[in-house]
Amino acid sequence: MGTTAKEEMARFWEKNTKSSRPLSPHITIYKWSLPMAMSITHRGTGVALSLGVSLFSLAALLLPEQFPHYLAMVKSLSLGPALIFSAKFALAFPFTYHTWNGIRHLV
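Residues numbered from 1 in each chain as written. Predicted model: local features only at pLDDT ≥ 70, side-chain atom pairs only at ≥ 80, totals over all residues. Heavy atoms only, no water.

The name an unreviewed UniProt entry gives the chain is Succinate dehydrogenase cytochrome b560 subunit, mitochondrial, with Chunga burmeisteri as the organism. Quoted verbatim from the Pathway (unreviewed entry) heading of the UniProt record, the comment on the chain is "Carbohydrate metabolism; tricarboxylic acid cycle." Among the UniProt annotations of the chain, the heading Subunit (unreviewed entry) holds the following wording: "Component of complex II composed of four subunits: the flavoprotein (FP) SDHA, iron-sulfur protein (IP) SDHB, and a cytochrome b560 composed of SDHC and SDHD." (UniProt positions renumbered as here; feature names shortened; annotations may be inferred.)

J.: Please clarify how the overall build of the chain should be interpreted in this entry.
T.: A tally of regular secondary structure across the chain gives four helices and zero strands. Helices and strands in the chain line up, N terminus first, as α-α-α-α. Relative to its length of 107 residues, the chain is extended, with a C-alpha radius of gyration of 25 Å against a globular reference of 13 Å. Over its C-alpha atoms, taken along the principal directions, the chain stretches across nearly 80 × 35 × 30 Å. Here the chain holds 107 residues, and 5% of them are scored as buried. (Helix = DSSP H or I, 4+ residues; strand = E, 2+ residues; numbered from the N terminus. Rg over C-alpha atoms; globule rule 2.2 N^0.38 Å. Buried < 20%, exposed > 50% of the residue type's maximum accessible area, 1.4 Å probe, protein only.)

J.: Where do I start with the side chain of Thr45 in this structure?
T.: Relative to the assigned elements, Thr45 resides in helix 2 (residues 34–62). Among the polar contacts made by the side chain of Thr45, one reaches the side chain of His98 at a distance of 3.1 Å. When sequence neighbours within four positions are dropped, the list of residues in contact with Thr45 reads Phe93, Pro94, Tyr97 and His98. (Polar contact = N/O pair within 3.5 Å; in protein donor to acceptor, adjacent residues only side chain to side chain. Contact = heavy atoms within 4.5 Å.)

Right, here's the structure in full:
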């Protein structure tokens, strides 16, 4: 007759304890590679884009004024060129990276 599930589990944990192996693979044991970093960045930009579009559309529905009013408010802040460039980059990078990486994946 075979062993019970309880006996199998006891044997499993005893073997793992003796061999000093980690309980499950952890991110620290993997060697980082370019495909891994590109995949993680692709997922991150996808999440950022979906959140950005969702928040923008929710704001467009709920805020009382029209878009030109809020655009004029931002222009009245007289932000410096470095901050404007950084904001444009923060908006353009996720879109371009996610798009080109998706095309690369399809090809």
